[in-house]
Structure formats: structure tokens, C-alpha cells
Amino acid sequence: MSVKKNVTVPVVALRGIVLFPDMTLHFDVGRKESIAALRAAMHAGQDVFFVTQKGFADDYPDLGGLHFIGVLGEVRQIVRIPGAKTNLRVVVDGKQRGCISEILQSTPYLNACVELLEDEAVFAEDPVYLAALLMRCRSLFEEYCMHSPQLAEDVVQSVYETDDPGVLADKI
């Protein structure tokens, strides 16, 4: 991956889920730091950097408890969960991978300088090898689907329609 540019954005730690580029994800947020980061981003009209925390049980991970590679995402919707005092339901569109290069603030929410990364064309020189790898990935995915019949048909179809190896890996 090569560096594209740097952005300064709020950061939200995700517990037990991972956001990928070109993926829409909905999840609940309850930590006050995460809610503050989302509200600051919405107020400023900016994206949020989503990183997965290392320990699922850690309610308040420190910087060592976070992965530094994550995805810049656009917050599409924030809805207060009925009956919950603080929890929010969030819908996010993943845009681009990035890496935290510097933490700028940790309270009232995490704010960081993030280096946005671009996927490199790894197999551009050997299209036959690339085609074989894509075919093998789809074959293994098909085996997986036989053991997981609950997969949505549109997810399965999108895997078969994707020819970009990076996008295919993210979808699988």
C-alpha cells in the first residue's frame, strides 16, 4: 500500500466488528468517547476513522489496545435507540484504508492524524496468474457458502461479479 494523503479526523474504536472499504455497516455505540467523536464529526461535516480494538472485553481501550490500521468512513445516519439513555445506532459507509500516524487528542474523544492508503496493483504484470487466483478464491468461497446457507444472495452475487483482487478479498 502506498500513502495518498493525511487527514485529521475523530477516531472510533469498534468492538467485535471490522469496517472495510466499500462496505456499509450498522452498529450500536454506547461509549461516551465514541458518541462525542461521532457528534464532532457530524457537526464539522467530516469523516470518522474506524479502528478495531484488540480486546473484545475491554470497555475503555487505551492506544495500545487499538489496531492502528482502519478505515475512513462516512457517517450516513445516527439514530438514538428508543429506551436507551445514551446508546446510538450508527450507519457508516467505509471509504478508504488508513493508518493512525499521530494521536492529537484523547479527550473528550480520540482525534488523530491518519495517513490514507491506496491499494497497489500487485498482479498487474501477470493477468493469467491473477485470473487463477481469483478463480481459486471464488471456489473456496463457494465451499464456504455450502456450509453457511444463511449468507445473503446479494453478497454471494457481488463476490462472483468482482474482478478486483483487493475488493474481492474485502468482500469475502
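Just above sits the structure.
Residues numbered from 1 in each chain as written. Predicted model: local features only at pLDDT ≥ 70, side-chain atom pairs only at ≥ 80, totals over all residues. Heavy atoms only, no water.

## Regarding the pattern of salt bridges
Stage number 1. One pass over the full model with this rule turns up six salt bridges.
Stage number 2. With a closest N to O distance of 3.1 Å, Arg76 and Glu74 form a salt bridge.
Stage number 3. Owing to a relative accessible area of 31%, Glu74 belongs among the partly exposed residues under this scheme.
Stage number 4. Where Asp170 meets Arg97, a salt bridge forms, and the shortest distance between an N and an O atom there is 2.3 Å. Linking Asp170 in helix H4 (residues 165–171) with Arg97 in strand E5 (residues 88–105), this pair joins segments that are 73 residues apart in sequence.
Stage number 5. Exposure remark for Arg97: the relative accessible area of 16% places this residue in the buried category.
Stage number 6. By sharing partners, the salt bridges in this structure join Glu74, Arg76 and Asp93 into a single network. (Salt bridge = Lys/Arg side-chain N within 4 Å of Asp/Glu carboxyl O. Buried < 20%, exposed > 50% of the residue type's maximum accessible area, 1.4 Å probe, protein only. Helix = DSSP H or I, 4+ residues; strand = E, 2+ residues; numbered from the N terminus.)

## Regarding the packing of aromatic side chains
Stage number 1. Here the structure, examined in full by the defined rule, presents three aromatic pairs.
Stage number 2. Between Phe27 and Phe50, the aromatic rings sit 6.0 Å apart at their centres with planes inclined by 80 degrees, giving edge-to-face as the arrangement. In this pair, Phe27 sits in strand E2 (residues 24–29) while Phe50 sits in strand E3 (residues 48–52), placing the two residues 23 residues apart along the sequence.
Stage number 3. You can call Phe27 buried: its relative accessible area is 9%.
Stage number 4. Of the residues examined, Phe50 reaches a relative accessible area of 2% and is grouped as buried.
Stage number 5. These aromatic residues form a ring-pair network of at least three members: Phe141, Tyr144 and Tyr160. (Phe/Tyr/Trp six-rings, centres within 6.5 Å; stacked < 30°, edge-to-face > 60°.)

## Some thoughts on unusual backbone geometry
Stage number 1. Pro108 follows Thr107 through a cis peptide bond whose omega is 0 degrees.
Stage number 2. As for its position among the elements, Pro108 is in the loop between E5 and strand E6 (110–118).
Stage number 3. The phi angle at Asp22 is positive, at roughly 60 degrees, despite the residue not being glycine.
Stage number 4. Within the element layout of this structure, Asp22 appears in the loop between strand E1 (2–14) and E2.

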